[in-house]
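Spelled out from the first residue to the last, the chains are:
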Amino acid sequence: MKQLTCIIVDDEPLAVKLLESYVAKTPDLSLVASFTDSVEAIAAIKSHPVDLLFLDIQMPDLDGMELARMIPDATRVIFTTAFKEYAYESYEVSALDFLLKPIRYNKFLAAVEKARKWQVAQPNVEEETPPTSLFIKVDGEFRQVLLDQIVYVCGMKDYVMFYVEGEPKPLITHLTMKAVEELLPASHFMRIHRSYIIALDKIKKVDRNDCVYIGNEIIHVPDSYIANFRAFLEKRTMI
């Protein structure tokens, strides 16, 4: 039987830990990631779709109902909430099941079995086309940005700045560099510095001091990142 991949999204860390323990002891169920921040979660789900999403409803910034309307069609939702009044609304977004907290393992297993039956019933389709864009939350709004328009990303503490072609100033959002690195496809982007991720096809030149010229920035690649970057250069170099 094919494994079901899943993601957990709940702003309560204890609720996340409980569901993680249930996933760990359930055969053929594989946890891809857990999130307490719904905004970070939606970006990850869009970039790396999974079969199943265990999703809390009441969360800050972006609640579960809103998030459920933004995910890929192939991802099925099992809502987890302490408020049974949301049950009817959950089926408006094609939720697979609705688990009322505190969640017992037998109820969790029944919901997973429902997901397995749903998966078996689906016709075989070609693999989903990789995403060509992502959504960035800027000033309370979600901006869709094409991946091939991103020049580089610069990190500053808990925020990152996306430098995008056609944008007069960087798009600033609340994310970590690690999260951005996981979201952007490694075939086109590389982290070359603790604070910088660059689009490889936007590089103008690399000088003898291992400085990368990209956009209006000159970035020196430190020793901790230089081996990976030089390996990329060697593959692309014509001698």
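Please refer to the structure placed before this passage.
Residues numbered from 1 in each chain as written. Predicted model: local features only at pLDDT ≥ 70, side-chain atom pairs only at ≥ 80, totals over all residues. Heavy atoms only, no water.

Caption draft 1: Spatial organisation of the overall build of the protein. Regarding its fold elements, the protein presents seven helices and 15 strands. Taking the principal axes of its C-alpha atoms as reference, the protein extends roughly 60 × 40 × 30 Å. When burial is assessed residue by residue, the protein has 44% of its 239 residues classed as buried. Partitioning the intrachain contacts of the protein with sequence separation of at least 6 by distance along the chain shows that 48% fall at a separation of at least 24. (Helix = DSSP H or I, 4+ residues; strand = E, 2+ residues; numbered from the N terminus. Buried < 20%, exposed > 50% of the residue type's maximum accessible area, 1.4 Å probe, protein only. Contact = heavy atoms within 4.5 Å.)

Caption draft 2: Just a nonpolar patch on the surface, in detail. A cluster of nonpolar side chains, contributed by Met 156, Tyr 159 and Ile 172, occupies part of the molecular surface with about 260 Å² of accessible area. By the element assignment, Ile 172 lies in strand E10 (residues 171-173). (Patch = residues over 30% accessible without salt bridge, like charges linked within 9 Å, V, L, I, M, F, W, Y side chains within 5 Å. Areas by Shrake-Rupley, 256 points an atom, 1.4 Å probe, with all protein chains shown as cover. Salt bridge = Lys/Arg side-chain N within 4 Å of Asp/Glu carboxyl O.)

Caption draft 3: Layout of the side chain of Asp 56. Residue position: Asp 56 is located in strand E3 (residues 52-56). With relative accessibility at 3%, the residue Asp 56 sits in the buried group. Excluding anything up to four places from it in sequence, Asp 56 contacts Val 9, Asp 10, Asp 11, Gly 64, Thr 80, Thr 81 and Lys 101.

Caption draft 4: The sheet that holds E3, seen in detail. Strand order across the open sheet formed by five strands is E2-E1-E3-E4-E5, with parallel pairing between neighbours. Each having just a single partner strand, strand E2 (29-35) and strand E5 (97-100) make up the two edges of the open sheet. For this sheet, the mean inter-axis angle between neighbouring strands, taken without regard to orientation, is 20 degrees. Inspection of the sheet shows strand E4 (residues 76-81) paired to E5 by four bridges, in the parallel sense. Paired with Thr 81 across the strands is Leu 100, a residue of E5. Of the strands in this sheet, strand E1 (4-9), E2, E3 and E4 are in contact with helix H1 (residues 13-24), which crosses E2 at around 165 degrees. Against the sheet, helix H5 (residues 105-121) touches E1, E2, E3, E4 and E5, its axis set at about 170 degrees to E5. (Pairing = 2+ DSSP bridges. Axes fitted to C-alpha atoms, helices over the stretch in contact; angles between N-to-C directions.)

Caption draft 5: Inspection of helix H7 (residues 223-236) at higher detail. Over its 14 residues, H7 runs 20 Å from end to end, which matches the ideal 20 Å to within 8%, given 1.5 Å per residue. All of the buried residues along H7 are Ile 226, Phe 229 and Phe 232. Considering only its buried residues, H7 is in contact with strand E11 (189-193), strand E12 (196-199), strand E13 (203-206) and strand E14 (211-214). (Expected span 1.5 Å × (residues − 1).)

Caption draft 6: Spatial organisation of the side chain of Asp 97. Looking at the secondary structure, you find Asp 97 in strand E5. Taking the relative accessible area as the measure of exposure, Asp 97 reaches 11% and is therefore buried. Side chain to side chain, Asp 97 and Lys 114 meet in a polar contact 3.5 Å long. (Polar contact = N/O pair within 3.5 Å; in protein donor to acceptor, adjacent residues only side chain to side chain.)

Caption draft 7: The nonpolar core, seen in detail. Residues Leu 53, Leu 55, Leu 67 and Phe 79 are the most contacted members of the largest nonpolar core, which totals 24 residues. Mapped onto this core, the elements with two or more residues apiece are E1, helix H2 (38-47), E3, helix H3 (64-68) and E4. The element that contributes the greatest number of residues to this core is H2, accounting for six residues. Counting residues in hydrophobic clusters, the runner-up holds 19 residues, among them Ile 136, Val 153, Val 160 and Ile 197. (Core = buried A, V, L, I, M, F, W, Y, C linked by side-chain atoms within 4.5 Å.)

Caption draft 8: Up close: the sheet that holds E14. Strand order in this open sheet of three strands is E13-E14-E15, and the pairing throughout is antiparallel. In the strand order of this sheet, the two ends are held by E13 and strand E15 (217-220), each with one partner. For this sheet, the mean inter-axis angle between neighbouring strands, taken without regard to orientation, is 25 degrees. Sheet topology places E13 next to E14; three bridges connect them, and they run antiparallel.

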